[in-house]
Protein chains: 2
Amino acid sequence: MSAKRKKSHGKSAKQRYVYYFGDGKADGDGKMKPLLGGKGANLAEMTRIGLPVPPGFTITTEVCSYFYENGRKYPPELQAQVEAALGKIERSVGKKLGDLDKPLLLSVRSGARDSMPGMMDTILNLGMNDHVVEIVAEKSGNPRFAWDSYRRFIQMYGDVVLGVQKREGEEHEPFETVIEGIKHEAGVEKDTDLTVEDLKRMVERFKALVKERTGKTFPQDPRAQMWGSVGAVFGSWNNDRAIVYRRKYGIPHEWGTAVNVQTMVFGNRGDTSATGVAFTRDPASGEKVFYGEYLINAQGEDVVAGVRTPKPVAELAKEMPHAHKELLKVRATLEKHFKDMQDLEFTVEDNRLYILQTRNGKRTGLAAVKIAVDMVNEKLISKEDAVKRIPADSLSHVLAPVFDREAETAARKISSGLPAGPGAATGKVVFNAVDAVELAHKGDRVVLVRVETSPEDLRGMIAAEGILTARGGVSSHAALVARQMGKVCVCGASDLRIDYEKKTVTAGGITLGQGDYISINGTAGAVYAGEVQTAPSEVVQVLVAKSLPAKKSETYGKFAQLMTWVDKFRELDIRTNADSPDQVANALAFGAQGVGLCRTEHMFFEGNRIDAMREMILASKPEERAASLAKLLPYQREDFIGIFEELKGLPATIRFLDPPLHEFLPHGHDAQGKLADKLGVSLDQISKRVEELHEFNPMLGHRGCRLGISYPEISEMQARAIFEAAAEVQKKGIKVKPEIMIPLVGFAKELKLQIEVVRKVAAQVAREKKTKFNYLVGTMIEIPRAALLAGEIAREAEFFSFGTNDLTQTTLGMSRDDSGSFLPQYLELEIFKANPFATIDQPGVGRLMEIARDHGRKTRPNIKLGICGEHGGEPESVKFCHRLGLNYVSCSPFRVPIAKLAAAQAALA
Amino acid sequence: MSAKRKKSHGKSAKQRYVYYFGDGKADGDGKMKPLLGGKGANLAEMTRIGLPVPPGFTITTEVCSYFYENGRKYPPELQAQVEAALGKIERSVGKKLGDLDKPLLLSVRSGARDSMPGMMDTILNLGMNDHVVEIVAEKSGNPRFAWDSYRRFIQMYGDVVLGVQKREGEEHEPFETVIEGIKHEAGVEKDTDLTVEDLKRMVERFKALVKERTGKTFPQDPRAQMWGSVGAVFGSWNNDRAIVYRRKYGIPHEWGTAVNVQTMVFGNRGDTSATGVAFTRDPASGEKVFYGEYLINAQGEDVVAGVRTPKPVAELAKEMPHAHKELLKVRATLEKHFKDMQDLEFTVEDNRLYILQTRNGKRTGLAAVKIAVDMVNEKLISKEDAVKRIPADSLSHVLAPVFDREAETAARKISSGLPAGPGAATGKVVFNAVDAVELAHKGDRVVLVRVETSPEDLRGMIAAEGILTARGGVSSHAALVARQMGKVCVCGASDLRIDYEKKTVTAGGITLGQGDYISINGTAGAVYAGEVQTAPSEVVQVLVAKSLPAKKSETYGKFAQLMTWVDKFRELDIRTNADSPDQVANALAFGAQGVGLCRTEHMFFEGNRIDAMREMILASKPEERAASLAKLLPYQREDFIGIFEELKGLPATIRFLDPPLHEFLPHGHDAQGKLADKLGVSLDQISKRVEELHEFNPMLGHRGCRLGISYPEISEMQARAIFEAAAEVQKKGIKVKPEIMIPLVGFAKELKLQIEVVRKVAAQVAREKKTKFNYLVGTMIEIPRAALLAGEIAREAEFFSFGTNDLTQTTLGMSRDDSGSFLPQYLELEIFKANPFATIDQPGVGRLMEIARDHGRKTRPNIKLGICGEHGGEPESVKFCHRLGLNYVSCSPFRVPIAKLAAAQAALA
């Protein structure tokens, strides 16, 4: 992009920076989002398909890049191009900017490639000045509208362009303080009760405030206003909240924003005017209903800001039947044309409908699945489109717990509001972003309770489990952001009384303070005092608990339909990390194709097993150790029998003992004393052994295959348990495919020595049980040396499984457990774009994976490659694994559907 | 080698497996060591240059490889070739194997490419049987010699070929038990007092013993004896002690051994016969004196085994003047021909001299330097040869401490012996290898005290600081091995009374038990009870302490001469790791060319500094932190001034704070209490902070540049201290070249942020002090990601310094501090060939270094590359760094000469 731009700079002075749209024609179109931003591209597209879009023009994102690369200057060609486009608008609407007969008023809005709602600045009613306001008052026959528009313009322009904002020590925004003063003097409570004279006085005081704060008079020249506004919008690309937002959603800073300059239409010209937002389907549930809200006699920001609670869009049918009918037509046109659920802004000016924006609507995970599947069934989109469109992580919302029915019935309901983000959330009440972040950082779950939310609350919303507001509708800031983030949200619970100072919320006769528990049901819109117990989601009830018949759950139906397509498209196998027969059964219910990681050490912690394990660790002679291992053998064998039976012939990757032995011994003095009594050894002996086993950096210590090398008898026991179990299950006619995995290999010889043990035991058991085994032996690639030497290691290994948890720790030299102290700062400073323990660090860890793949396949072309770190269930990492050409990824049972969807998307990419 | 061999197998049946030598002609020559082994090649070479070598033939090392690859079978061609060579011998000496008129007797000896003294088996007097012995007795007129030779043959053959060895429960070797029995019956003490009849009885009992133990009669057929012996020698290549030896000296197992079959000559034919070993120069001191020892009427193994204490070779002039004169001629011929100090074996049979072996003599580090430098001065070899020939590590012997003169004078001398391995050693007395290894493993220094040593003691000798024996001369096993390993050794301290059972040694009226301290001076041959304090070596006294004038020390003279050659040849710069002006001064005295690593944190531990440091760590606000840092600034500045002044314009790589902060806080309750009092804060506050800073894996935690990112004010202070110091030193007209190094970088952005701080402070100080700075900013490459992303990091970094300590830990996923529990086993199992924390793991860590070099230079072709891990002073690693094309290595001051020598050797390779 940047290279291209530079090239065109050099080549030609005729570069086009401004794209006009209006009267059914447009320079741009819907595909030009990188250049025109989402809003600009769609305004052009809507104009082209004949929708009622007020004429305007878009200044491209390239100007934004130029602006930041050249000390906030514009390309020299820009001014002439803007003037030309402005001329077209003026001719189209028969008005002129600053004209004293037919003055043109404009809006100036940001518009990035991806929507960043509320993050950047907007200026409305541009073109107003002391003269124009009089003419608008006269021509419109509505002086109140004219003066209200002027005061809004001064307020927005003053705030955004001139920087007249709250100073330290001030309690309120200065413009708000003026408004409150005037209302007080006039003895009214609502803005709408102010008279024209009040508004005129307000304009005077606003201008005085600007003069006082900036030392300059408020600009009267509409062109100066326009350029000031354009500069402010470009400048807002780099404000704090926009940066936080981009970081959260991984939007590159280089993209920049476009600026849209458009003819104003007014929803605040009286009772024949209105403004609203609507979704072509319900963005929370995905239902195919027209969904939205509007305010009579208002401007757009009134709806989104949540100051007045708007009316459901259905009521428009009664209040403005003509406009409503037009709107329904627009809804149909938009869905047919854009083939996705649309989120649109409209304004009715004197009964005439205008569409100001459309974009693909943000939606909950639940809605994403339902809408995509429904649209396939409606033949609007293909199955491929449906699969590609659903963010893989949204499936976690479909699988996320809901409140337990009985618990919810018994809970104390204190309020209700709009169901704006489905799901169940329980947490401690917090009232601002700072407290939310602080408590969440300490490990508390929190619910953010606000009268309404604004972009300043973003960090708090990210930190919270759920969001509860007293004001604002389903398209309010809170609802919008919650849906996008998949947060549980109830908004507009209007009987909440919130006291920010005392940090209390009162409702239903109960007052909760900061730190008290609250629970919200974002599917039903209910609010409860205290903690409410959760239960599995519908899909989980069908698949795992089998407590709900499949036919009874619509959600399950859509989910199941989606998964059949996903399974058709994907190329990666999806296995699961499971250590017990139960976990295996769950994972298979979610569609896992085998076990990718069975951690055998988890089997040693229960009941008597831990005693035998501890006995083994305390043994000083090989014979004693062998005796303790003999006690452990039957337990392990039973577990493997259970797992093999569940798997019914699917493969199971079984990892040999991995953690350092000290993890199995008690560390407290009392616990050591009890163990001494139990095993009949001296306390001294135990504490001495604990001390011997102490390590400075256990992550890099005596663990993994290093244990098997030191104590081959442990590996022997584990191999014997596996093969004896396999023999027993095979006797029942069930196939068994163990894939034995040696952990922490760095040197080919380590693997060779452990494989010798495995093959020896396999042959012994085969002879003893008169059977044959179909098994593989391989290794984890989890330290950099193993990746670098993969060619040599592949001579021994029949498969590699990338242990990306440890591989990330060693490649980055960064302990996951200890990184908490600097990781948030590293994300903030953009040292890395994403937490490398969540998403594979592709340039570093990913590079080692490539090296291991290349060298491994060179030595052994058919070597099986998989991944079993936490990353195996994270969509971006799954896609990377697909591109790497792995055979499978393995993840926790609940993330199997997510991994499957991501794999299908990668295959379709 | 192996590929070549296979090829020739396939190609031709005429492959030559046997090389004859005799009568001034030889099929082989001295260059054919890989094929003929060292002994075989030199026997051929000596034959060619006319030395008196008994005729014989060599079976090649390829036969050894064939033997192990083909289930201990020989190539089919071998038998005919051996018969042919045997025929040549028979014709040459006029005797025939098994002939009843003129019977030929043979020796069969191993001979690997590199000498492995005493590790493999030897058979002498082969060809003896019940008939031959009678003929030998008759022909030699010396029946005692004949029967003694026969009994020796049965004993050796029985032990080595037939495996008649000590069984469990037996206290002595079975053959020794028979000898003791006969001596008892005869009422004599010495072997030499036995009569012919005694020896005949001994032969009968030996044969009976063989029959009893093996079930077979002792083989009478000389050809069967010969093939049995050849097989046993090949088999001994893989005995335990040979494997241990090869591991210790890095000799590949694939090399194999050759077998030499040679006409016997007898040093035990009476008083006109003798056998001995000699060195052409003193292998301990390097003095140019003929050095060696002999025994009249003995066979070779009597000298080496140390059973009888031999006489110095000078006495041969009196006892056998003719042979001695011949020997002196041989000495001159050998040095002139082989151009190195030779270690030779000779036998005088009836006043006639035979040379049975020559090889380059093992020598101490001291001798290595002296001999090489002397030989250059004698124009025998070139300077290049001298530099290439001296093992780099031998310089550590030249620099190793000696006993403090006063302390030694005051110490209680209890015995004296031969000075067989120079230097000073103090440690706990141990009496066998097992105890030596066990105590050394616990961290004790030990001195191994033995009557005599044998190959079974090898592990114990490796573990010990020094070796003391009661019997054996300077060419005894103990002396030989000690010299080679650079161990301090006193041998033949004949008044020691050693009781293995009680584990005591008594001498000079004192009895020491296991664990008591003993001290030995291997340069003077003195033995002291108790610990004796050490002092710097001569070279160190000249260079560093300046307590000895250079001209007074011959050792210093040789060392200095060598170093001028070394400096001429090497291409790598050698810097030093030094943290204080003192250390810098020492390192410069050793020839360091700058500081490669100055660890700034070491400056924070002394006196008041640690208090300010702790205050800084406990600070909760940036202002408090800044105040504590302001207290540290003057200390750091002073240190840097001192370092820059010492360096006089040489570069100094200064690393910013690296260790995690908790390392600076006290961990015990009491120490925390004292600190609380001192700083006037609550104990609670301190213990809370210690807890906060606790990490599970501190090696991978909040350290390195992560600290500078979290607390940029620390980096600011450090930069300011460096630049203020530089300004001050520059004012004095001394150039200053700081190279500021940011540790633990994994992401380019980390480095960028820290470099911004450095450049900002540099500009500030330059303005304040009205000066300019000539400095670089770079980074350590010490985690794998940094190596993989070196191309990106080089955009910021002006230099890379490989921190191979941490790079090894992360690349291998292995903590140096915790690896003690499995590292010895890993070496034993040959999972790695060398301890990767001592010698760079070239396939793993080295691969990452190559990647970093390639990508780093691609981005920034003139980027400066160095290494500052412990590996920087280890010869193999230095050579690897040369091959990598680094600009410099940095090591501890005392290892600078070693690194220089290794660098020169790499450049000459």
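Please read these numbers as outputs of a predicted model, since none were measured by experiment. (Residues numbered from 1 in each chain as written. Chains lettered and ligands numbered in written order. Predicted model: local features only at pLDDT ≥ 70, side-chain atom pairs only at ≥ 80, totals over all residues. Heavy atoms only, no water.)

J.: Got a minute to help me understand the overall build of chain A in this structure?
T.: Looking only at helices and strands, chain A has 37 helices and 34 strands in total. The principal-axis extent of the C-alpha atoms belonging to chain A is close to 105 × 70 × 55 Å. When burial is assessed residue by residue, chain A has 59% of its 909 residues classed as buried. Of the contacts formed within chain A by residues at least 6 apart in sequence, a portion of 68% connects residues at least 24 apart. Total accessible area computed for chain A in this model is approximately 36200 Å², and 49% of it derives from carbon and sulfur atoms. Looking at chain A, you have 124 positive and 118 negative side-chain charges, and the mean spots of the two groups are 6 Å apart. (Helix = DSSP H or I, 4+ residues; strand = E, 2+ residues; numbered from the N terminus. Buried < 20%, exposed > 50% of the residue type's maximum accessible area, 1.4 Å probe, protein only. Contact = heavy atoms within 4.5 Å. Areas by Shrake-Rupley, 256 points an atom, 1.4 Å probe, with all protein chains shown as cover. Lys, Arg positive; Asp, Glu negative; His and termini not counted. Charge placed at Lys NZ, Arg CZ, Asp CG, Glu CD.)

J.: Would you mind showing me how to read empty space enclosed by the protein here?
T.: By rolling a water-sized probe across the atoms, one finds the places where empty space is left. As enumerated under the stated definition, the model contains 3 cavities of 30 Å³ or more in all. Taken as a whole, the largest cavity spans an internal volume of roughly 70 Å³. F656(B), L657(B), G708(B), S715(B) and Q754(B) are, among the 13 residues lining the largest cavity, the residues nearest its centre. Listing elements by their share of the lining of the largest cavity, those giving two or more residues are α28 (705-710) and α29 (712-731) of chain B. Residues belonging to the lining of the largest cavity are distributed by class as follows: 8 nonpolar, 5 polar and no charged. Its boundaries defined by the atoms lining it, the second largest cavity holds a volume of some 50 Å³. Along the walls of the second largest cavity sit F656(A), L657(A), G704(A), C705(A), L707(A), G708(A), I714(A), S715(A), Q718(A), P743(A) and Q754(A), which together make up its complete lining. Put simply, the parts of the chain that give the lining of the second largest cavity at least two residues each are α28 (705-710) and α29 (712-731) of chain A. (1 Å grid on protein atoms, 1.4 Å probe; cavity = no way out; pocket = protein on both sides within 12 Å on 5 of 7 lines; lining within 4 Å. Points joined across faces, edges and corners; volume = space filled by probe spheres on them. Nonpolar A, V, L, I, M, F, W, Y, C, P; charged D, E, K, R; others polar.)

J.: For this particular structure, what's the right way to read the sheet that holds strand β12 (residues 342-349) of chain B?
T.: Sheet strands pair via backbone hydrogen bonds, and the direction of the pair is either parallel or antiparallel. All names here are of chain B. Strand order across the open sheet formed by 5 strands is β11-β10-β9-β12-β13, with antiparallel pairing between neighbours. Because the sheet does not close on itself, it has two edges, and the strands there are β11 (311-312) and β13 (352-360). Relative to β13, β12 is paired through 8 bridges, and the arrangement is antiparallel. Residue pairing in the sheet places T347 in a bridge with Y354 of β13. (Pairing = 2+ DSSP bridges.)

J.: Looking at this model, I keep getting lost on the pairing of strand β7 (residues 122-126) of chain A. Mind explaining?
T.: Put simply, side chains in a regular strand alternate between the two faces of the sheet. Residue and element names in this part refer to chain A. Judged by how many residues are buried, β7 sits mostly within the fold: 4 of 5 residues are covered. Bridge analysis of strand β6 (residues 106-112) against β7 gives 3 bridges, and the strand direction is antiparallel. Considered in β7, the bridge of R109 is made with T122.

J.: Teacher, can you tell me more about unusual backbone geometry here?
T.: A negative phi angle characterises most non-glycine residues, just as the trans form characterises most peptide bonds. One non-glycine residue, K648(A), lies in positive phi territory at about 45°. Mapped onto the elements of the fold, K648(A) is located in the loop between α25 (622-647) and β29 (651-655). Even without glycine at this site, K503(B) takes up a positive phi of about 55°. Among the secondary structure elements, K503(B) is positioned in the loop between β21 (497-499) and β22 (504-507). Of the residues examined, K503(B) reaches a relative accessible area of 26% and is grouped as partly exposed.

J.: How do you make sense of the relation of the copies chain A and chain B when you look at a structure like this?
T.: Relating one copy of the chain to the other takes a rotation about an axis and a shift parallel to that axis. Laying chain A over chain B is done by rotating through 180° and shifting 0.2 Å along the axis; what remains is an RMSD of 0.2 Å. Taken together, the rotation angle and the small translation identify this as a two-fold axis. Minimal C-alpha separation from the rotation axis in chain A is found for N697(A), amounting to 2.2 Å. Taken together, the interface assignments show that 100% of the residues at the interface of chain A recur at the interface of chain B, consistent with an identical surface on both copies. (Least-squares fit on C-alpha atoms with pLDDT ≥ 70 in both.)

J.: What am I meant to see in the side chain of D198(A) here?
T.: Residue and element names in this part refer to chain A. By secondary structure assignment, the location of D198 is in helix α8 (residues 196-214). Looking at D198, the relative accessible area reads 8%, which means it is buried. Excluding anything up to four places from it in sequence, D198 contacts I182 and A186.

J.: Would you explain the nonpolar core in this entry?
T.: Membership of the largest hydrophobic core comes to 292 residues, with the highest contact counts inside it found for F644(A), F723(A), M849(A), F644(B), F723(B) and M849(B). Those residues in contact with F723(A) that lie beyond four places of it in its chain are I740(A), V758(A), V761(A), A762(A), V765(A), F773(A) and Y775(A). If you look at the next biggest cluster of nonpolar residues, it comprises 83 residues, including V82(B), L448(B), A464(B) and A478(B). (Core = buried A, V, L, I, M, F, W, Y, C linked by side-chain atoms within 4.5 Å.)

J.: Please explain the pattern of salt bridges as it appears in this structure.
T.: Where charged atoms of side chains with opposite charge meet at close range, the side chains can pair. In the structure shown here, the tally under the stated rule is 125 salt bridges over all chains. For D374(A), the salt bridge identified is with K558(A), shortest N-O distance 2.7 Å. Separated by 184 residues along the polypeptide, D374(A) in helix α14 (residues 365-377) and K558(A) in helix α22 (residues 554-569) bring together distant segments of the chain. The burial state of D374(A) is the same as that of K558(A); both residues are buried. One salt bridge connects E185(B) with R201(B), and the closest N-O pair in it is separated by 2.8 Å. You can see E185(B) sitting in helix α7 (residues 174-186) and its partner R201(B) sitting in helix α8 (residues 196-214), a full 16 residues away along the chain. For E185(B), a relative accessible area of 45% puts it in the partly exposed group. It is possible to trace a salt-bridge network through shared partners that takes in E601(A), R655(A), D658(A), R703(A) and D806(A). (Salt bridge = Lys/Arg side-chain N within 4 Å of Asp/Glu carboxyl O.)

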